[in-house]
Amino acid sequence: MLMLLLSMSCKKSFLEIVPKGQVLASTVKDYDGLMNHTSFYANYYGLPGLVMGDELAAEAVQFPSAPLLTQRGFAWMDQLYDATVSSAQLDVELKNIYICNKVINEVLHIADGTEAQRKNIRAEALANRAWSYFGLITCYGKPYLASSAATDPGLPIILTAEISNTGFKRNSVSEVYQQILSDLKVAIPDLSTQVEVKTRVSRQAAMGMLGKVYLFMGQYEEAKIQFDAAFADLATTSSTTSLYDYNEAFLPTGVFQPFGRFGPNNPGNNTQLLNEAILHKTAILSGDFSNTGLVMTKETMDLYKPSDLRLNFYSNMRSNFTPLPPGLYGKYALTYAHTGLELADMILMRAEVRARTGNTAGAVQDLEWLRKNRMPSADASVPSTVTADPLKLLNFILEERIREFAGEGYRWPDMRRLSVDPLFSSKTYRHLVFGEDGTSIKNTYTLKPERFTLRLPQLILAGNPDMINNP
Amino acid sequence: MAQVFKEIKLQTGYNVFYSSDEINDAKKTSVNFKNTPLAEALDELLKNMNLSWSIQDRNVVVRRKELALLDQLTALFKEINVHGQVSGGGFPLAGATIVLKGSNRATRTAVDGTFFFDNVDEKEILIISYMGYETKEVKAKVSITVDLSAAVSRLNEVAVVSTGYQDIKKERATGSFSKPDMAVFKNRAGTMDIVARLEGLVPGLVIRPGLKGLEENNQLGNGNTSQKSTIRGESSIQLNTNPLFVVDGVAISNLNLFNPDDIEDITVLKDAAAAAIWGARAANGVVVIKTKSGTKNGTVNISYSGFLNYQGRPDYRYGKAMNSQQFIQAAKETFDPQQYPLSSLGYYSVVAPHEQILYGQFEKRITEAEANKALDSLASINNLDQVYDLFYRNASTQNHTVSISGGSNMYSFYSSANFVDVISNRINESNKNYRLSFNQSFSLGSRLKLSLNTTLGNSVSSQTPGISISNNFLPYQLFQDVQGRPITMNYLTGFSPELLADWSSRSRINLDYTPLMESNYGYSKRNNTHINLLGSINLNLFKGLSFNGSYGLQKAPGQNKVYLDHKSYELRSVIVSSAISPSSDIKPSYLYPTTGGRYTVSDNEERNWTLRNQLIYSRSVRHDRDQLNLQLGQEAQESFGTSTTNTLIGYDEHLLTHVVLPPTFYRGTVTGAFSYADFGTAFIETQKRFTSYFALFNYTMNGKYSLDASWRTDKSSLFGVDFSAQNRPVWSIGGLWNIRKENFMSALTWLDNLALKATYGITGNSPGKAGATQADVLSIIVPSMSQPLAGNYMEIINPKNGRLSWESTQTTNLGINFSLFNSRISGGIDVYFRKTTNLLGQMDLNRFTGWTSALGNLGELSNKGIELSLQTRNLESRNLNWTSSFNIGYNKNKLVNYSGLDPRIPLSSIITGSLYLPGYSTGPLFSYPFAGLNAEGNPQVRLADGTITAQPDAISREDLIYEGSVNPPYSGGIGNTFRYKLFSLTANLIFNLGNVMRADVNDTYTGRISTIPTGFLGNLTTDFMDRWRKPGDEQFTNVPAYVSSFQQASARAIEYYTYGNINVLSASYAKIRDITLAYNLPTQVLQRLKIKTASLSVQATNFMVWKNNKLNIDPEYNGLNVGARNIPPFRHSYTISANVTF
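What this report covers is the structure whose coordinates are included nearby. (Residues numbered from 1 in each chain as written. Chains lettered and ligands numbered in written order. Predicted model: local features only at pLDDT ≥ 70, side-chain atom pairs only at ≥ 80, totals over all residues. Heavy atoms only, no water.)

**Examining the overall build of chain A**
Then, number 1: Scanning chain A from terminus to terminus reveals 16 helices and 9 strands.
Then, number 2: A globule of 471 residues ought to have a C-alpha radius of gyration of about 23 Å, and chain A, at 24 Å, matches this closely.
Then, number 3: Counting only C-alpha atoms, chain A reaches 90 × 50 × 50 Å along its principal axes.
Then, number 4: When each of the 471 residues of chain A is scored for burial, the buried share is 61%.
Then, number 5: In chain A, of all internal contacts separated by at least 6 residues, the share reaching a separation of at least 24 is 71%.
Then, number 6: Accessible area of chain A: about 17,600 Å², with a carbon and sulfur share of 55%.
Then, number 7: Separation between the mean location of the 45 positive side-chain charges and that of the 48 negative ones in chain A comes to 2 Å. (Helix = DSSP H or I, 4+ residues; strand = E, 2+ residues; numbered from the N terminus. Rg over C-alpha atoms; globule rule 2.2 N^0.38 Å. Buried < 20%, exposed > 50% of the residue type's maximum accessible area, 1.4 Å probe, protein only. Contact = heavy atoms within 4.5 Å. Areas by Shrake-Rupley, 256 points an atom, 1.4 Å probe, with all protein chains shown as cover. Lys, Arg positive; Asp, Glu negative; His and termini not counted. Charge placed at Lys NZ, Arg CZ, Asp CG, Glu CD.)

Shown next as structure tokens:
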């Protein structure tokens, strides 16, 4: 027996134990599992843009008890993060970039699976890396302006997964955008139009994302090509992606029933309702940048016709169920903001590029496609005074974006790109804090032009002392 | 004998003539004659002694008996049968060891100190030893009487130290070994924790005191804990700094399995030369424990030892909590309904009774007079009595051990049964331990020896759910009314009465929260079994070459059951959240089961085995002038653990039925939405394997010069680490020079022993041990979201670190051992230098890597220290003995540098965290340079440039004051034992010096003064009353002003005060850990009771002798870093114990 034990303990295989529940990535399934990570799609807790849009106002009672980051973000303050506080957005996106880099650099070299499977996973990682960078550059880089993008400081372009990396340098805004474009372009041919669940990147999603990036770069023709291609792909999968017709959804037997304490059962608070998602990603509205103490401006509420069914998402109660002062409304039926690609977003973006490239009829067609699903069709058509004037039409489309996405953080990136658009660059923005009566103004914050670009958190700079912060 | 003869002369007038040689050869005797004729008395006295007597005139002449013919023949063969008696200080010594020099033959003395040794050549030498006594060598003869020098057990003159691999004579051991005083260890009945009993007994071994020092429950959740300890300072940041515990040669993961009463001997290995043979696991030192074994003298001993320990209840007067009157006063003064209107508090926040009154008055629902009356009545209530009566009881422990030991040269055994019943101070808790041990050894001829040690243990504990309450809850809140009915406190749920009423009526479930009732609604029960088998075999192969095998197997299955009934508030609130109630007249339906309860069963099991095979070559060289010992060995080890946890809902304990509910998210219930994630079954399985090879070399020349060397390599089944990265042998080398044995020292007769020693060695830790990997390690995760979308995913649980390397520690130890004036003074001094490079630790990463921190090589840590131990025999006389021991260790450690990335630790982390900063000791404590309050009552600091400011962000790292470390650089113990006749009094003092701590100051200076939902907090400390209230107060007080709004509060920095230098204190203290008075029953009484030995002792513990702070803080129970005062579980404990041998 002794000899048996002796011989056993000498064999090398004696030490080769794979711990239960642990694995080193080697199969398609492993890499697929990495891309299935919740951090790519589920509720992270600190998207600054959620409180920065001009569709929002604050109310004096609850706003002081909102998270500090909400208060500072709403006031467009220079310094959002204290020296020791990290940015949840940066933490999540940089970690996502790590995962993507690992997948991009490794998955083609594994022995498992077919080449198409491996390429598909890599393409998904490329698209996600692009989207993470797009989210970050629209916070920390100046709004894209072709004339200065090559010299505007952006973010380090990180293409390897290695924790001992140091010496990060800020690449220019242009370089970051080029990387985003290149990642998406490499990804698109390898992606499929069919995905198992809409948290995973389909070809139409990547093309829509690419269109959105072009839109934000002011390259409307390029954007239009991508949107058209994406809609063509969508047409082949229309059964899985379509708009909810609110005229039906709000009926007593509709999908938006029942109304609970947090409003109708809708995609804003039920992540199982995925019909309108092309790529489903969410950020939660009760995190660092929460909507506590925030309400809609009166101008925002005035954008809606009384028959607009999207008004069902508003309430005059605070999140703690105490009543708001008369005349103030919060979007109470909204728990998650959609940060992926929504069908309504792509419709409105195509409407915008169509309008900007002179295709008024197409733009109106897109607009009405959405509006018919949001209100009684009698009220859905675009007024002829609007269709007659291209600038009015453009404004109408941008307002429709507010009507559709108020409180979801879509307005802030729009404000950014409009700030470098000669048509809108003269606009100034302010945020109001309403007093307890709901009409008096307790405080006014004005957006300084340099604050379209956030400062990098001190915690990031502490580890990278040579990096120059945004002004 | 001579004494008896003197007595005879006194009583009879007869002179006794004898030759002193003959008498000295005779054995000692004790006789008791009463009215006995002289002749009879002499017969009785001299029988069995080879002596005869005759009376000539009035003289008695005693002579050697003429040997009978047969006796004379036997004597010719020179093989004699030795019989003798061993005593120590006049008392017979039971269990003393008699070894025939140069052989393996040995025996032990019986209870009366007698022994027999058959077939001994008259030329041969017997070595007689007993723990704590000086070893004597005696020439073999038929009758031997030896009195070992009147030593006392406190003098650890133990001849042998054990590394767990070999026993080394202490006089030739080069490494740094320490042995605790086993008598003190044995008497420390206040705890059954073996580690805690070692406190203050071993220089360099620091026990982390108090509640904070308890180890966390281990991963498999079997709930075993013992106190944290470090040997010679922390040598690692990330890894466990506990020493390795070895029992009977085998490393043990759970020391709780062993009964302290079964322990015979402990050796602590401190430097590389002592410990390196244990390989990578020995980086923190090793504690080697030997359990008792049977005696070989043919008798059977039955012993009983037991104690009753009383601790009482925690003492809440120790804290600084406000009483009700003070609290109500503070609450009135800070009430600010403008800042916190009742309407803004929303639907989930607590409005405590005093606030309900104040809001009532503010909103004019009650008059000022009514409010004051109601508040006065709250102020007059004190809940401390109820807290004591309803939540606590007097804690006590009883322990009983019965042991039987015995045997012969061929077979011996030691067996014990032990029962421990711990009654904690928490009501409804129970904790019982049962242990059996059976140690046997067999000698089969002179070549083969086998031994088998078996231990079986079972621990059963239970407790009920319920609240943990201390003196920081609202001091006026009673828990039961005058009639003894539990009081309902719905405000603690955090929901408004209207909301609770609405939910209750719609769900038809009562939502009352009655804290005192909660303990009736469930239980948790834990049952752990341990089985430990240790076998060893020793086979003499060939002249000096032997084979030694050690095999250990441990198995520890356990189960934990937790049940929470649907009557509990927690489950009632879940049921309400799942109630669907379309209208008030229809009975609601429930998604969650409304009967039974939630039942969680965890089964865990640990299975470890070790096998070790050694070849030992040991012989004398150069005609016995030199000794050589060589060992080669191989070891393999596996530890395997599993745990399975099942959670059932709607579980019916009697019918054994439960309800299966799939993960659910449902909108539109009574509370809005119901979400349920199925916990299902959770598995944990861990498996680790080691293989090692080792070699040992010892050489002693002329008994003067010794050389020790060891080498070992460990490979383990680390995942994600290349095997090639594991090729890092640990090794050590050491030398000893016994100067006293040099000729030039022979004139110094007062010097008994003087030896110099020096050792050097390298030990290390593989990065994988800390959990770092050279590849991304993935784990599959089941999302815990209530609405899982995309299903399971892969998480990178360890990122790859391409630059990982081993943590390695170089240790140099220089030491002197000495013994003076016939061992009246003895002791040792050790100096050590330890340098750890590539220190493994959690390092902050550049955030752009995507990770905030990961395991890696941090930098270099140095530990330097000196240790002194001294034993003195101050007074020795027939009736009175006084011995002392003193030991002190000084350790200075410093993080020399960070080789990892510059982590840019934020200021607030430096202040609050126990972080590691280059250039400072581990556990550095920093403070703000407090500069009084400003005219608004806000704390100010003085910056390095002299500016005084109250600005929150004004301070930078350079302005901070380094106060010292929270780890004591000096620690040690002083022991004194007085023995008067049969009484002995022992007092042990322990001390920790030179470290610092924060005072526990109030830190609430803003916001509402209330409690939190279902939390039992809310009280403030009394320094709040001294706060700044009006301009000018800053002249008299340092306590900041209260401001109600958070916005105002964020414009100032309260931490300038709470973490200011004025609130940093010395944490030095000295405590008498225990005082013991023992009494040995006199022989006459024992004989009448027909028992062999008996002693009784009483012990009292924990007397603060000195502390270097004026705030009455016991540093043992203070969060040193954060300044949080813990309430000690007891003030003093008292123990009565008895030891009886039958």
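**What to know about the side chain of S507 of chain B**
All names here are of chain B.
Then, number 1: Tracing the chain through its elements places S507 in helix α11 (residues 497–507).
Then, number 2: Given a relative accessible area of 0%, S507 falls into the buried group.
Then, number 3: Within the local environment of S507, its side chain forms a polar contact with the backbone oxygen of W503, the two atoms lying 2.7 Å apart.
Then, number 4: Setting aside its immediate chain neighbours within four residues, S507 contacts V576, A579, P588, Y590 and V670. (Polar contact = N/O pair within 3.5 Å; in protein donor to acceptor, adjacent residues only side chain to side chain.)

**Some points on empty space enclosed by the protein**
All names here are of chain A.
Then, number 1: Per the stated rule, a full pass over the model turns up 10 cavities of 30 Å³ or more.
Then, number 2: Here the largest cavity defines a volume of roughly 530 Å³.
Then, number 3: Along its surface, the largest cavity is lined by 33 residues, and Y44, L47, W131, G135 and T339 are the ones closest to its centre.
Then, number 4: Among the secondary structure elements, those contributing two or more residues to the lining of the largest cavity are α4 (88–106), α5 (115–140), α7 (203–216) and α15 (411–419).
Then, number 5: The element best represented in the lining of the largest cavity is α5, accounting for 7 residues.
Then, number 6: A per-class count over the lining of the largest cavity returns 13 nonpolar, 13 polar and 7 charged.
Then, number 7: In this structure, the second largest cavity spans a volume of roughly 200 Å³.
Then, number 8: Considering the residues around the second largest cavity, the lining is formed by 17 residues, among which Y246, N266, H338, E404 and E408 are closest to the centre.
Then, number 9: If one sorts the elements of the lining of the second largest cavity by residue count, helix α14 (residues 390–405) sits on top with 3 residues.
Then, number 10: In the lining of the second largest cavity, the residues fall into 7 nonpolar, 3 polar and 7 charged. (1 Å grid on protein atoms, 1.4 Å probe; cavity = no way out; pocket = protein on both sides within 12 Å on 5 of 7 lines; lining within 4 Å. Points joined across faces, edges and corners; volume = space filled by probe spheres on them. Nonpolar A, V, L, I, M, F, W, Y, C, P; charged D, E, K, R; others polar.)

**Brief notes about the pairing of strand β35 (residues 681–701) of chain B**
All names here are of chain B.
Then, number 1: Pairing of strand β31 (residues 626–652) with β35, which is carried by 21 bridges, proceeds in the antiparallel orientation. Of the residues in β35, the one forming a bridge with F640 is Q687.
Then, number 2: Of the strand pairs in this sheet, β35 and strand β36 (residues 705–716) are connected by 12 bridges, and their pairing is antiparallel. Across the sheet, residue T691 finds its bridge partner in β36, namely K715.
Then, number 3: Remark: 3 residues form the turn of the hairpin made by β35 and β36, two consecutive strands paired antiparallel; N702 in that turn has positive phi of roughly 55°. (Pairing = 2+ DSSP bridges.)

**Here we look at the packing of helix α8 (residues 220–236) of chain A against helix α11 (residues 343–356) of chain A**
All names here are of chain A.
Then, number 1: Relative orientation of the contacting elements α8 and α11 amounts to 140°, with a least axis distance of 9 Å. By the angle class used here, α8 and α11 are oblique. For the element pair α8 and α11, the recorded crossing hand is left-handed. Contact with α8, carried on its side by Y220, A223, K224, F227, D228, A230, F231 and L234, involves L343, M346, I347, M349, R350, V353, R354 and R356 of α11 and no other residues of that element.
Then, number 2: In terms of residue class, the contact of α8 with α11 is made up of 11 nonpolar, no polar and 5 charged. (Axes fitted to C-alpha atoms, helices over the stretch in contact; angles between N-to-C directions. Parallel < 35°, antiparallel > 145°, perpendicular 65-115°, else oblique. Left-handed = near helix turned anticlockwise from the far one by under 90°.)

**Quick word on the packing of aromatic side chains**
Then, number 1: If you walk through the whole model with that rule in mind, you get 55 aromatic pairs over all chains.
Then, number 2: Geometrically, the ring pair formed by Y98 of chain A and W851 of chain B is edge-to-face, given 5.5 Å between the ring centres and 85° between the ring planes. In this pair, Y98 of chain A is assigned in helix α4 and W851 of chain B in the loop between β43 (840–844) and β44 (853–857), connecting two distinct chains. Note on accessibility: Y98 of chain A and W851 of chain B belong to one class, buried. (Phe/Tyr/Trp six-rings, centres within 6.5 Å; stacked < 30°, edge-to-face > 60°.)

**Here we look at the pairing of strand β52 (residues 970–980) of chain B**
Working note: regular strand, side chains alternate between the two faces of the sheet.
All names here are of chain B.
Then, number 1: Two strands pair when backbone bridges link them, and β52 and strand β53 (residues 983–993) are joined in this way by 11 bridges, in the antiparallel orientation. By the bridge assignment, I974 is partnered in β53 with L989.
Then, number 2: Counting the residues that bridge the hairpin from β52 to β53 gives 2 residues, and of these K981 lies at a positive phi of roughly 45°.

**A few points about the interface of chain B and chain A**
Then, number 1: Across the contact, 69 residues belong to chain B and 74 residues belong to chain A.
Then, number 2: Summed over both partners, the interface of chain B with chain A buries about 6,300 Å², with 63% contributed by carbon and sulfur atoms.
Then, number 3: It is R667, L789 and F848 of chain B that lose the most area in chain B upon contact with chain A, and together they represent 15% of the buried surface on that side.
Then, number 4: At the junction of chain B and chain A, the tally comes to 2 salt bridges.
Then, number 5: We note a salt bridge from D91 of chain A to R847 of chain B, for which the minimum N-O separation is 3.6 Å.
Then, number 6: Top element by residues in the side of chain B that touches chain A is β35 of chain B. It accounts for 7 residues.
Then, number 7: Taken together, the residues of the side of chain B that touches chain A sort by class into 33 nonpolar, 25 polar and 11 charged.
Then, number 8: Across 3 bridges, strand β1 (residues 22–24) of chain A lies against strand β39 (residues 777–781) of chain B in antiparallel orientation. Each residue of the ladder has a partner; that of Q22 of chain A, found in β39 of chain B, is S779 of chain B. (Buried area = accessible area lost by both parts, 1.4 Å probe. Salt bridge = Lys/Arg side-chain N within 4 Å of Asp/Glu carboxyl O.)

**Considering the sheet that holds strand β2 (residues 56–59) of chain A**
All names here are of chain A.
Then, number 1: Strand order in the open sheet made by the 4 strands is β5-β2-β8-β9, with mixed pairing throughout. Two strands close off the open sheet at either side, each with one partner strand: β5 (294–296) and β9 (441–446). Averaged over all adjacent pairs, the angle separating strand axes in this sheet is 30°, with direction ignored.
Then, number 2: As paired strands, β2 and β5 are joined by 3 bridges and run antiparallel to one another. Of the residues in β5, the one forming a bridge with L56 is M296.

**Considerations on the sheet that holds strand β17 (residues 244–247) of chain B**
Residues and elements named next belong to chain B.
Then, number 1: What the 5 strands build is an open sheet, ordered β14-β19-β20-β17-β18; its pairing is mixed. Among the strands making up the open sheet, the edge pair consists of β14 (177–178) and β18 (250–251).
Then, number 2: The sheet contact formed by strand β19 (residues 263–269) and strand β20 (residues 286–291) spans 6 bridges and is antiparallel. Across the sheet, the residue bridging to D265 is K290, located in β20.

Note that all results are geometric; they support no functional claim without further evidence.
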